[in-house]
Amino acid sequence: QVQVVESGGGLVQAGASLRLSCAASGRTFSSYAFAWFRQAPGKEREFVARISRSGANAYYADSVKGRFTISRDNAKNTVYLKMNSLNPEDTAVYYCAANEGIGRLIGVRDYDYWGQGTPVTVSA
């Protein structure tokens, strides 16, 4: 199995950028695809972005497409989420998740391993 720990969240103003990191340990990092989800207060957890095991394929929610970029560094066992042009609607706890599946897997139930989350707050 794999363990994941998120970092990089914080309080920023609208229009700012943040980069979240997800450090993984345990089994071979390259065996896993990773995703970012987020959960705003009072709302269900929702898919944000996913990156394949090789890093060759990425998928995004429509709400973040063009603003967020997911990437991975297999040498550092780390996945990143670069978030640009943040707005208050992006305020949420952001979670990193991992699975061994292939393809466009964007459901919460598609993922076996989860971190504790890192909070992001965007002020107007």
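These numbers come from a predicted model, not from an experiment.

Caption draft 1: Region of interest: the packing of aromatic side chains. Under the definition given, this model contains seven aromatic pairs. With 5.8 Å between their ring centres and 75° between their planes, F37 and F47 make a pair best called edge-to-face. Separated by ten residues along the polypeptide, F37 in strand 4 (residues 33-39) and F47 in strand 5 (residues 46-51) bring together distant segments of the chain. Exposure remark for F37: the relative accessible area of 0% places this residue in the buried category. Taken together, the ring pairs connect F37, F47, Y95, Y111 and W114 into an aromatic cluster.

Caption draft 2: Fine view of the environment of S54. Along the polypeptide, S54 turns up in the loop between strand 5 and strand 6 (58-60). In this structure S54 comes out as exposed when scored by relative accessible area, which is 58%. With 19 residues separating them along the chain, S54 and D73 place their C-alpha atoms 9.7 Å apart. One polar contact links the side chain of S54 to the main-chain amide nitrogen of A56, over a distance of 3.1 Å.

Caption draft 3: A look at the sheet that holds strand 1 (residues 2-7). In space, the four strands of this open sheet follow the order 1-3-8-7, with antiparallel pairing throughout. At either end of the open sheet lies a strand with only one pairing partner, and these are strand 1 and strand 7 (68-73). Neighbour-to-neighbour, the strand axes of this sheet turn through a mean angle of 20°, independent of strand direction. Pairing of strand 1 with strand 3 (residues 18-26), which is carried by six bridges, proceeds in the antiparallel orientation. When the bridges of strand 3 are listed, V4 appears paired with A24.

Caption draft 4: Up close: the nonpolar core. In this structure, F34, W36, L81, M83 and Y94 are the most contacted members of the largest nonpolar core, which totals 36 residues. At the level of secondary structure, the elements contributing two or more residues to this core comprise strand 1, strand 3, strand 4, strand 5, strand 7, strand 8 (78-83), strand 9 (92-99) and strand 11 (118-123). In terms of residues, this core owes the most to one element, strand 9, which gives five residues.

Caption draft 5: Representation of the pattern of salt bridges within the structure. Counted according to the given criterion, the structure contains four salt bridges. Residue K65 pairs with D62 through a salt bridge whose shortest N-O separation is 3.2 Å. Here K65 matches D62 in class, with each residue exposed. When the shortest N-O distance is used, the salt bridge between R67 and D90 registers 2.8 Å. With R67 in the loop between strand 6 and strand 7 and D90 in the loop between strand 8 and strand 9, this pair connects stretches of sequence that are 23 residues apart. Here D90 falls in the buried class, since its relative accessible area comes to 1%.

Thresholds applied
- Residues numbered from 1 in each chain as written.
- Predicted model: local features only at pLDDT ≥ 70, side-chain atom pairs only at ≥ 80, totals over all residues.
- Heavy atoms only, no water.
- Phe/Tyr/Trp six-rings, centres within 6.5 Å; stacked < 30°, edge-to-face > 60°.
- Helix = DSSP H or I, 4+ residues; strand = E, 2+ residues; numbered from the N terminus.
- Buried < 20%, exposed > 50% of the residue type's maximum accessible area, 1.4 Å probe, protein only.
- Polar contact = N/O pair within 3.5 Å; in protein donor to acceptor, adjacent residues only side chain to side chain.
- Pairing = 2+ DSSP bridges.
- Axes fitted to C-alpha atoms, helices over the stretch in contact; angles between N-to-C directions.
- Core = buried A, V, L, I, M, F, W, Y, C linked by side-chain atoms within 4.5 Å.
- Salt bridge = Lys/Arg side-chain N within 4 Å of Asp/Glu carboxyl O.

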